[in-house]
Amino acid sequence: MKIVSFKICPFVQRVAALLEAKNLPYEIEFISLQDKPQWFLDISPNGQVPVLITDGGQALFESDAIVEYLEEAYPALQPGLSPEEKATNRAWAYLATKNYLVQCSAQRSADKATLSERAAKLDVAFDRIEAKLCDTRFFGGNEIGMVDVAWLVLLHRAAIIEKNTGYDFIGDRPKLKSWQAHLMQTGLAEKSVPAEFEDAFVDFYLSDQTFLGRCKENGGCKKNAAELADACC
Ligand SMILES: N[C@@H](CCC(=O)N[C@@H](CS)C(=O)NCC(=O)O)C(=O)O
């Protein structure tokens, strides 16, 4: 199998994380989104990554469709789920994926007011999942599942932002923090991105053009979204 990819794309990371969680071998080919090759445009009806080229040579697009294919075509990460359980998991995974671009735009905020406004949208999703999480290692149990893989992407990026700037998108949500720690301990976050991911991510989101980038240069925010109004940087 091959994923057609862009280094810091969250939708690609979700697909790669599922392949890693299932221990499935795959290749990865990076393309420039500024200058998309014709062969890619020919196989990607939406012109977006990820595209998964299956072992049978079929090009699949849209990350939701790709992860469903991977869960059906290969030994299931979560075997024996009822249709209701599968639908419920898809819905909780969707709550993460519909916030991927919200998180990207929050990270790119040029000023404090914009960051607060965009982080408030993420807060809604983080509050919902905080209320749903149990005292298990992962979502709904102690084995990693499809919801974990979808949220891993948001939580990995939040961890990198916190490490570099002190700013914590997750804030005071103990279950979510604990889930983030358990997910990071699996090593799936690093395995699902290229080696140079963190540098590329920091260059793009923490440049001097962004509020968070300037926080980093000023020694860190040490603030979460709720406290940001009083942040010094
Ligand atoms: N709905 C798509 C979204 C994928 C997406 O937004 N990919 C971005 C990179 S993160 C992309 O390819 N952008 C290029 C473009 O839209 O022209 C999916 O889930 O696969």
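Provided above is the structure to which this section pertains.
Residues numbered from 1 in each chain as written. Predicted model: local features only at pLDDT ≥ 70, side-chain atom pairs only at ≥ 80, totals over all residues. Heavy atoms only, no water.

## A look at the packing of aromatic side chains
This structure, assessed with the given rule, holds eleven aromatic pairs. A ring pair is formed by Phe204 and Tyr205, whose centres lie 4.9 Å apart and whose planes are at 80°; its orientation type is edge-to-face. Ring pairs connect the aromatic residues Trp92, Phe126, Phe139, Trp151 and Trp179, which therefore count as one cluster. The ring of Phe30 has Lys7 lying over it, and the distance from NZ or CZ to the ring centre is 5.4 Å. (Phe/Tyr/Trp six-rings, centres within 6.5 Å; stacked < 30°, edge-to-face > 60°. Lys NZ or Arg CZ within 6 Å of the ring centre and 35° of its normal.)

## With respect to the pattern of salt bridges
Scanning the entire structure with this criterion turns up eleven salt bridges. Note that Asp123 and Arg173 form a salt bridge whose closest N and O atoms lie 3.1 Å from each other. Highlighted residues: Asp123 in helix 6 (residues 112-132) and Arg173 in the loop between helix 7 (146-165) and helix 8 (174-185), separated in sequence by 50 residues. Judged by relative accessible area, Asp123 falls into the buried class, the value being 18%. Take Arg173: its relative accessible area is 10%, and that puts it in the buried class. Here Lys216 makes a salt bridge to Glu217, at a shortest N to O gap of 3.5 Å. (Salt bridge = Lys/Arg side-chain N within 4 Å of Asp/Glu carboxyl O. Helix = DSSP H or I, 4+ residues; strand = E, 2+ residues; numbered from the N terminus. Buried < 20%, exposed > 50% of the residue type's maximum accessible area, 1.4 Å probe, protein only.)

## Quick notes on the pairing of strand 2 (residues 27-30)
Direction of pairing for strand 1 (residues 2-5) relative to strand 2: parallel, over a ladder of four bridges. When the bridges of strand 2 are listed, Ile3 appears paired with Ile28. As a crossover connection, the stretch from strand 1 through helix 1 (residues 10-21) into strand 2 is right-handed. (Pairing = 2+ DSSP bridges. Right-handed = clockwise from strand over helix to strand, strands pointing away.)

## Overview of the site of the ligand
Taken together, the residues surrounding the ligand are Cys9, Pro10, Phe11, Leu33, Lys36, Gly47, Gln48, Val49, Pro50, Glu62 and Ser63. Take Glu62: an N or O atom from its side chain is 2.8 Å from a nitrogen atom of the ligand. Class assignment of the residues belonging to the shell around the ligand gives a composition of six nonpolar, three polar and two charged. (Near = heavy atom within 4 Å. Polar contact = N/O pair within 3.5 Å; in protein donor to acceptor, adjacent residues only side chain to side chain. Nonpolar A, V, L, I, M, F, W, Y, C, P; charged D, E, K, R; others polar.)

## What to know about unusual backbone geometry
Cis geometry marks the peptide bond from Val49 to Pro50, where omega comes out at 0°. Along the chain, Pro50 falls in the loop between helix 2 (38-43) and strand 3 (51-53). Positive phi, normally seen in glycine, also occurs at Asn23, with a value near 55°. Here Asn23 shows up in the loop between helix 1 and strand 2. On the basis of relative accessible area, Asn23 is assigned to the exposed category, the value being 67%. You will see that Glu62, though not glycine, has its phi angle at about 70°, which is positive. Relative accessible area serves as the criterion here: at 40%, Glu62 is assigned to the partly exposed category.

## With respect to the packing of helix 6 against helix 8
Close contact between helix 6 and helix 8 brings their axes to 8 Å; oriented N to C, the two are set at 85°. When the interaxial angle is binned, helix 6 and helix 8 end up roughly perpendicular. Contacts between helix 6 and helix 8 involve Phe126, Ile129 and Glu130 from the first element and Pro174, Lys175, Leu176 and Trp179 from the second. A breakdown of the residues in the contact of helix 6 with helix 8 according to their chemical character gives five nonpolar, no polar and two charged. (Axes fitted to C-alpha atoms, helices over the stretch in contact; angles between N-to-C directions. Parallel < 35°, antiparallel > 145°, perpendicular 65-115°, else oblique. Contact = heavy atoms within 4.5 Å.)

## Focus: the sheet that holds strand 1
The strand order across the open sheet built from four strands is 2-1-3-4, with neighbouring strands paired in mixed fashion. Looking at the sheet topology across the chains shown, the edges are occupied by strand 2 and strand 4 (59-61). Averaged over all pairs of adjacent strands, the angle between their axes in this sheet comes to 25°, without regard to strand direction. Inspection of the sheet shows strand 3 paired to strand 4 by three bridges, in the antiparallel sense. Bridge pairing links Val51 to Phe61 in strand 4.

## Re helix 5 (residues 100-107)
In terms of burial, helix 5 is largely enclosed, as six of its eight residues are buried. In this structure, the buried residues of helix 5 make contact with helix 1, helix 4 (83-97), helix 6, helix 7, helix 10 (197-205) and helix 11 (211-217).

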